[in-house]
Amino acid sequence: MSKKIDWKDSVVYQIYPRSFSDSNSDGIGDIKGIISKLSYLENLGINVIWLSPVYSSPNDDNGYDISDYYNINTDFGTMADMDELLSESKKHGIRILMDLVVNHTSDEHEWFKQAKSDKNNKYHDYYIWSKDEQKPNNWRSFFQGSVWELNKSTNENYLHLFSKKQPDLNWENREMRNEIYTMMKWWLDKGVGGFRLDVFNVYAKPDLYSSAPGIADSNGFVFNPGHYANNDGIHEIMQEMNEEVFSNYDCLTVGEAVEINPTEAINYVQSDKGALNMVFHFEIVSLEDKSTKNMKKVLKNWIPVMNKGGWNSNYLSNHDNPRQVSVFGNDDKYLKESATLLATMNFTLPGTPYIYQGEEIGMTNMLFNSFSQFNDIETINGIKSLRNQGKDDDFILNYFREKSRDNSRTPIQWDNSLNAGFTDGKPWLDVNPNYTEINTENQIHDDKSIFTYYQELISLRKQFSVLTHGDSKIILEKEEDLIAYKRTYKNETMYVLLNRSDNETVIKSHANLWNNNLDDSYILDNLSFLSGNNSLDGIVVKGDEILLKPWQSIIVIEK
Ligand code: GLC
Ligand code: CA
């Protein structure tokens, strides 16, 4: 069945509710806070919100451990608030995607409480157990330690790929699957616009009694997510979910896919055959060495698949990954320049652009000063593990300053009043002190700001179909600091040049790029935009050469 909404035209904004806006001064962002900012989001121009989990949860992993799929986390409000958010967002032309976390539940979910009480309980088989008290393998969980945890009352271990408070569901159990589908339909009937599927490609488990190849940590645990992902049976599950749920609704679906390459990804998303509209892959954000050369290598791998009907979700940061301008840009000397260059990339590569809250104003990583400032379970467990390995505190603090997920979870910087206007109370996570300079209030009325540049990019997607539908090709590959590509669709040709460096880059023989006469073309140059000049002035053309300044990005669309 064909999809009714034109999801290809969407621009998605991710909200991490705990950090977005607090309406009742308890220091925690909430649903009413989101409602109060819908005009802000409409003004930005987005048309879809991906809402990180707001269901009932003991918050071991800040909501990614769900104890009741049919209720709202009291930190965030009530079901009445949620209903109001759904009806209000519609008025603003925005649809809401719920985060669907069904690889695991919380250990405080009613199913697990029953499951662990007795082997003969109906819910026991909703989860995954070892045959006896022996651990079947030495796999390490995403959050350190074994993936197995002993359940004393039945003398078995249960599997948890994440924290021990996140037991994995058994997707081989028919009744469990049906209950999940019923729950999904319940939300869609309520009016949600679709789902972001949390780690969907690890639902199907491999043989638990085989050992995962890989290098063991100091405790003898082997971490190898490749072993958990894309196993036999996953496509059957996804096809069934599509048939039972998605295909009967006008909804948008995006799957978070760990350890996925383009050849595997296309099977999940290809136009008519795939179960999902699009996936998130990790190949750029997880690059050890985030050089331009390596980024280009990844893009080169994915582009052919995009040209054949694949579809990506373009992002460089989210609630799991530190701020994009700090990681991929230069948040010190070239904050505005690099923030707009990275935005240009996310909006012009093939796929759907995602904005993680705060990115639209160039929010940066946080300079954490002490361990007590961290909240994230991955960080807390990581600190313990590095201490056990004998690392000293300086090393550990520096490590997590750079890597902690808390970097992107600090409260949104709305204005320069106390706590950045996020809350009147004590914020659950410290506000980044740079809020006095970086905040929305400073930018929304400034036509030379990062915020207004995002508005421009969004309106560009509405004006030129080539951004959405164009085929893509990497060009000028040998230029070390440059990421450049050409996209074509019907009578439109677009060139994007990104000088991702603190240096000037000279491109020789630009005559091969576009028609020499740029007068009829649309041009967006981030540096000209930020300085308020006429766009054409920003591109320095000397004879047959183009000179790109540090972090300059140029879009040229020939009509
Ligand atoms: C996904 C989420 C992450 C969470 C994990 C377990 O990767 O994005 O925040 O910790 O799944 O649910
Ligand atoms: Ca609150």
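Residues numbered from 1 in each chain as written. Chains lettered and ligands numbered in written order. Predicted model: local features only at pLDDT ≥ 70, side-chain atom pairs only at ≥ 80, totals over all residues. Heavy atoms only, no water.

Visitor: Help me understand the site of ligand 1, please; the structure alone is not making it clear to me.
Guide: Surrounding ligand 1, one finds 13 residues, the nearest of these being Asp61, Asp198, Glu256, His319 and Asp320. Within the contact set of ligand 1, an oxygen atom lies 2.8 Å away from a side-chain nitrogen or oxygen of Asp198. The side chain of Asp320 places a nitrogen or oxygen atom 2.5 Å from an oxygen atom of ligand 1. Here the shell around ligand 1 is built from residues that sort into 4 nonpolar, 3 polar and 6 charged. (Near = heavy atom within 4 Å. Polar contact = N/O pair within 3.5 Å; in protein donor to acceptor, adjacent residues only side chain to side chain. Nonpolar A, V, L, I, M, F, W, Y, C, P; charged D, E, K, R; others polar.)

Visitor: Any chance you could explain unusual backbone geometry here in plain terms?
Guide: What you tend to see is this: most non-glycine residues have negative phi, and most peptide bonds are trans. Of note in this structure, Ser25 is not a glycine but carries a positive phi near 60°. Mapping Ser25 onto the fold places it in the loop between strand 1 (12-15) and helix 1 (31-36). Exposure remark for Ser25: the relative accessible area of 36% places this residue in the partly exposed category. Phi angles above zero are rare outside glycine, and Val199 is one such case at about 30°. Tracing the backbone through its elements, the reader meets Val199 in the loop between strand 8 (194-197) and helix 6 (225-228). (Helix = DSSP H or I, 4+ residues; strand = E, 2+ residues; numbered from the N terminus. Buried < 20%, exposed > 50% of the residue type's maximum accessible area, 1.4 Å probe, protein only.)

Visitor: Explain helix 5 (residues 174-190) here, please?
Guide: Because an α-helix packs 3.6 residues into every turn, residues spaced three or four apart end up facing the same way. With 17 residues, helix 5 extends 25 Å between its outermost C-alpha atoms, agreeing within 8% with the 24 Å of an ideal straight helix rising 1.5 Å per residue. Among the residues of helix 5, Met176, Arg177, Ile180, Tyr181, Met183, Met184, Trp187 and Leu188 are the ones counted as buried. Around the axis of helix 5, the buried residues are gathered within 160° of arc, so they sit on the same side. The opening residue of helix 5, the one whose side-chain oxygen lies 3.0 Å from the backbone nitrogen of Glu175, is Asn173. Trailing helix 5 by a residue or two, Gly191 shows a phi angle of about 115°, which is positive. (Expected span 1.5 Å × (residues − 1). Arc of directions from axis to C-beta.)

Visitor: What's the story with the coordination of the calcium ion (ligand 2) in this structure? I'm lost.
Guide: Geometry reference: four tetrahedral donors at a metal, ideal angle 109.5 degrees. Six octahedral donors, ideal angles 90 or 180 degrees. Donor atoms from the polypeptide that coordinate the calcium ion (ligand 2) comprise Asp22 (OD), Asn24 (OD1), Asp26 (OD), Ile28 (O) and Asp30 (OD), at 2.2 to 2.4 Å from the metal. Here the donor residues of the calcium ion (ligand 2) are spaced in sequence according to D-x1-N-x1-D-x1-I-x1-D. Owing to a relative accessible area of 3%, Asp30 belongs among the buried residues under this scheme. (Donors = N, O, S within 2.8 Å, 3.2 Å for Na, K, Ca; no water.)

Visitor: Just to check I follow, could you spell out the packing of aromatic side chains for this structure?
Guide: Each aromatic ring pair is described using two quantities: the centre-to-centre distance and the angle formed by the ring planes. Scanning the model with the defined rule gives 33 aromatic pairs in all. Considering the side-chain rings of Trp50 and Tyr354, the 6.4 Å spacing of their centres and the 75° angle between planes classify their relative orientation as edge-to-face. Placement of the pair is Trp50 in strand 2 (residues 48-51) and Tyr354 in strand 12 (residues 352-356), with a sequence separation of 304 residues. Where Phe112 meets Tyr127, the ring centres are 4.9 Å apart and the plane angle is 80°; that geometry is what we call edge-to-face. Remark: Tyr127 occurs in the loop between helix 4 (110-115) and strand 6 (148-151) and Phe112 occurs in helix 4; sequence separation between them is 15 residues. When sorted by exposure, Phe112 lands in the same class as Tyr127, which is buried. (Phe/Tyr/Trp six-rings, centres within 6.5 Å; stacked < 30°, edge-to-face > 60°.)

Visitor: Is there a simple way to explain the layout of surface pockets in this structure?
Guide: Rolled over the atoms, a probe with the dimensions of a water molecule shows which regions are left empty. Approximately 390 Å³ is the volume attributed to the second largest pocket. Residue lining of the second largest pocket: 21 residues in total, with Phe143, Gln144, Gly145, Lys164 and Asn381 positioned closest to the centre. Elements that contribute at least two residues to the lining of the second largest pocket include exactly strand 6 and helix 12 (377-388). In terms of residue count, the dominant contributor to the lining of the second largest pocket is helix 12 (5 residues). Here the lining of the second largest pocket is built from residues that sort into 5 nonpolar, 10 polar and 6 charged. (1 Å grid on protein atoms, 1.4 Å probe; cavity = no way out; pocket = protein on both sides within 12 Å on 5 of 7 lines; lining within 4 Å. Points joined across faces, edges and corners; volume = space filled by probe spheres on them.)

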